[in-house]
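# Observations on the three-dimensional arrangement
Here is what each chain is made of, one letter per residue.
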Amino acid sequence: MSPAPIISVKRLVKKFGPITAVDDISFDVEEGTIFGFLGPNGAGKTTTINVLCTLQGPTSGWAFVAGHDCMMEPASVRKAIGIVFQDTTLDKDLTAYENLAFHAYLYSVPKAEIRPRSEDALRFVGLYERKDDLVKKFSGGMKRRLEVARGLIHRPRVLFLDEPTLGLDPQSRANLWEYIIRLPERHNVTVFMTTHYMEEAEVCERIAIIDHGKLIAEGSPEELKKTVGGDVVYLKTKDNEKAKAEIKRLFEIEAQERDGELYLTVQRGDTYIPLLISGLAGTVLSVRQERPTLNDVFLKFTGKAIRDVEETEAGTIKEEVRAYRRRH
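## Let's talk about the overall build of the protein chain
Within the protein chain one finds 14 helices and 14 strands. Along the first, second and third principal axes, the C-alpha atoms of the protein chain reach 75 × 50 × 45 Å. Across the 328 residues that make up the protein chain, the buried fraction comes to 49%. A total accessible area of about 16300 Å² is found for the protein chain, and carbon and sulfur atoms account for 50% of it. For the protein chain, the distance from the average site of its 47 positive side-chain charges to the average site of its 49 negative ones is 3 Å.

Quick look at the structure:
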């Protein structure tokens with residue numbers, strides 16, 4: 001018999017007036033894993049985390065964290081979790097050590113354990129040598145690492161990371177991920193993270209993809225990529241509309257177009273590419289092949305790339321929710 005999941009969500013709904021931010025979703029998270037919630041901004045990721053962290057109540061449905069009902073036992077849930085929000089909540093006028101010690105005090109960590117726990121956490125994220133420096137002197141990446149350290153002080157069973165690398169430069173993002181991927185083994189904690197960066201989601205044991213408040217797919221990265229059904233071939237031609245029609249006629253495959261480039265999914269792309277070039281007879285300008293990515297998975301289930309949604313619907317949804325909150 002498998003152990004009970006550390007997080008269990010059943011038919012969760014969260015509405016803001018007429019806006020449904022989370023729409024009847026259900027999923028489980030196994031203890032000791034890194035679980036990714038993948039989707040564009042405005043898809044419902046942060047709202048789901050807010051419910052799981054007891055910051056908002058659901059409109060309907062149930063959510064359990066570490067065996068505790070998020071609605072009925074919020075204090076027990078809060079003791080069992082750590083949180084790193086999108087926006088920093090560090091006190092910039094305190095030192096790195098003081099930020100951790102204050103957090104430990106708030107969570108009733110025994111006084112004798114505050115210093116060793118704080119120093120251990122600072123060593124883990126590579127900030128021990130800066131423990132006596134004011135946080136206002138830290139870079140964005142250093143602040144994020146300090147927030148991860150702070151979230152571990154009271155030894156939570158679940159650490160929530162809401163877009164943990166948002167706004168960081170590529171090097172800072174890579175440095176932070178060196179620590180995140182070691183968390184389950186090093187600190188015996190389950191990591192629940194939201195992201196809209198496809199490459200970050202690759203480190204998760206399981207991923208749930210959310211769009212417009214609905215779960216559209218769930219599985220390991222490899223399981224999800226297998227749903228695409230083969231290799232993805234991209235090609236630029238002199239006339240994409242004619243090329244699409246010719247591909248359909250010759251191979252009975254519906255090619256799609258994006259950013260001036262055609263793409264289609266086939267088994268063994270290396271054998272199809274010569275056939276495509278021959279069949280399109282001198283109209284192909286460039287061709288490339290890629291293994292399916294999580295962006296291809298998102299494209300398969302929604303018809304759009306995740307960055308397309310980022311630039312359009314997601315921003316509108318977020319503004320509607322903000323407007324509703326201001327009115328109420």
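## Some words on the packing of helix H5 (residues 140-152) against helix H6 (residues 170-180)
One way to put it is that H5 packs onto H6 with a least axis distance of 9 Å and a crossing angle of 15°. It follows that H5 is roughly parallel to H6 by the angle criterion. Judged by the twist between their axes, the crossing of H5 over H6 is right-handed. For the pair H5 and H6, contact is made by Gly 141, Arg 144, Arg 145 and Val 148 and by Ser 172, Leu 176 and Tyr 179, respectively. Of the residues assigned to the contact of H5 with H6, the class counts are three nonpolar, two polar and two charged.

## Some points on the sheet that holds strand S2 (residues 19-29)
If you trace the four strands from one edge of the open sheet to the other, you get S2-S1-S4-S5, paired in antiparallel fashion. Edge positions in the sheet fall to S2 and strand S5 (68-69), since each has one partner strand and no second. Summarising the sheet, strand S1 (residues 7-16) and strand S4 (residues 60-65) pair through five bridges and their orientation is antiparallel. For Ser 8, the partnering residue across the bridge sits in S4 and is Phe 64. Along the sheet face, helix H1 (residues 45-52) touches S1, S2 and S4 and points at about 115° away from the line of S1.

## Overview of the pattern of salt bridges
Throughout the structure, instances matching the rule amount to 25 salt bridges. Among the ionic pairs, Asp 93 bridges to Lys 136, the shortest N-O distance being 2.9 Å. With Asp 93 in the loop between strand S6 (81-84) and helix H3 (96-106) and Lys 136 in the loop between helix H4 (111-124) and H5, this pair connects stretches of sequence that are 43 residues apart. When its relative accessible area of 48% is taken as the criterion, Lys 136 is described as partly exposed. Within the structure, one salt-bridge network assembled from shared partners comprises Arg 144, Glu 147 and Arg 150.

## So, the environment of Ala 174
You can see Ala 174 is positioned in helix H6. Once the C-alpha coordinates of Ala 174 and Phe 298 are considered, the two residues, 124 residues apart in sequence, prove to be 23 Å apart.

## A closer look at the packing of aromatic side chains
Applying the stated criterion across every chain, the model contains nine aromatic pairs. Considering the side-chain rings of Phe 35 and Phe 192, the 5.4 Å spacing of their centres and the 25° angle between planes classify their relative orientation as stacked. Placement of Phe 35 in strand S3 (residues 34-38) and of Phe 192 in strand S8 (residues 190-195) is noted, with a sequence separation of 157 residues between them. Residue Phe 35 shares its accessibility class with Phe 192, and that shared class is buried. Between the aromatic rings of Phe 37 and Phe 192, the centroid separation amounts to 5.5 Å while the plane-to-plane angle is 50°, which identifies the pairing as tilted. Of this pair, Phe 37 sits in strand S3 while Phe 192 is found in strand S8, placing the two residues 155 residues apart along the sequence. Residue classification places Phe 37 among the buried residues on the basis of a relative accessible area of 0%. A relative accessible area of 0% places Phe 192 in the buried class. Here the aromatic residues Phe 27, Phe 35, Phe 37, Phe 160 and Phe 192 are joined through ring pairs into a cluster of three or more. Note that Arg 288 overlies the ring of Tyr 234, its terminal NZ or CZ placed 4.1 Å from the centroid.

## Topic: unusual backbone geometry
The phi torsion at Glu 252 lies on the positive side, around 55°, for a residue other than glycine. Structurally, Glu 252 can be placed in the loop between helix H10 (240-251) and strand S12 (256-258).

## Topic: helix H12 (residues 294-302)
What H12 keeps buried is the set Leu 294, Asn 295, Asp 296, Val 297, Phe 298 and Leu 299. Just downstream of H12, Gly 303 is the residue with a positive phi angle, here 85°.

## Quick look at the nonpolar core
Leu 146, Val 148, Leu 161, Leu 183, Ile 207, Ile 209 and Leu 294 are the most contacted members of the largest nonpolar core, which has 50 residues in total. Beyond its immediate stretch of four places on either side in the chain, Leu 146 contacts Leu 90, Ala 96, Leu 100, Leu 122, Leu 127, Val 135 and Phe 138. In this structure, Ile 6, Val 9, Val 22 and Ala 208 belong to the second largest nonpolar core, which totals 27 residues.

What counts, and at which threshold
Residues numbered from 1 in each chain as written. Predicted model: local features only at pLDDT ≥ 70, side-chain atom pairs only at ≥ 80, totals over all residues. Heavy atoms only, no water. Helix = DSSP H or I, 4+ residues; strand = E, 2+ residues; numbered from the N terminus. Buried < 20%, exposed > 50% of the residue type's maximum accessible area, 1.4 Å probe, protein only. Areas by Shrake-Rupley, 256 points an atom, 1.4 Å probe, with all protein chains shown as cover. Lys, Arg positive; Asp, Glu negative; His and termini not counted. Charge placed at Lys NZ, Arg CZ, Asp CG, Glu CD. Axes fitted to C-alpha atoms, helices over the stretch in contact; angles between N-to-C directions. Parallel < 35°, antiparallel > 145°, perpendicular 65-115°, else oblique. Left-handed = near helix turned anticlockwise from the far one by under 90°. Contact = heavy atoms within 4.5 Å. Nonpolar A, V, L, I, M, F, W, Y, C, P; charged D, E, K, R; others polar. Pairing = 2+ DSSP bridges. Salt bridge = Lys/Arg side-chain N within 4 Å of Asp/Glu carboxyl O. Phe/Tyr/Trp six-rings, centres within 6.5 Å; stacked < 30°, edge-to-face > 60°. Lys NZ or Arg CZ within 6 Å of the ring centre and 35° of its normal. Core = buried A, V, L, I, M, F, W, Y, C linked by side-chain atoms within 4.5 Å.

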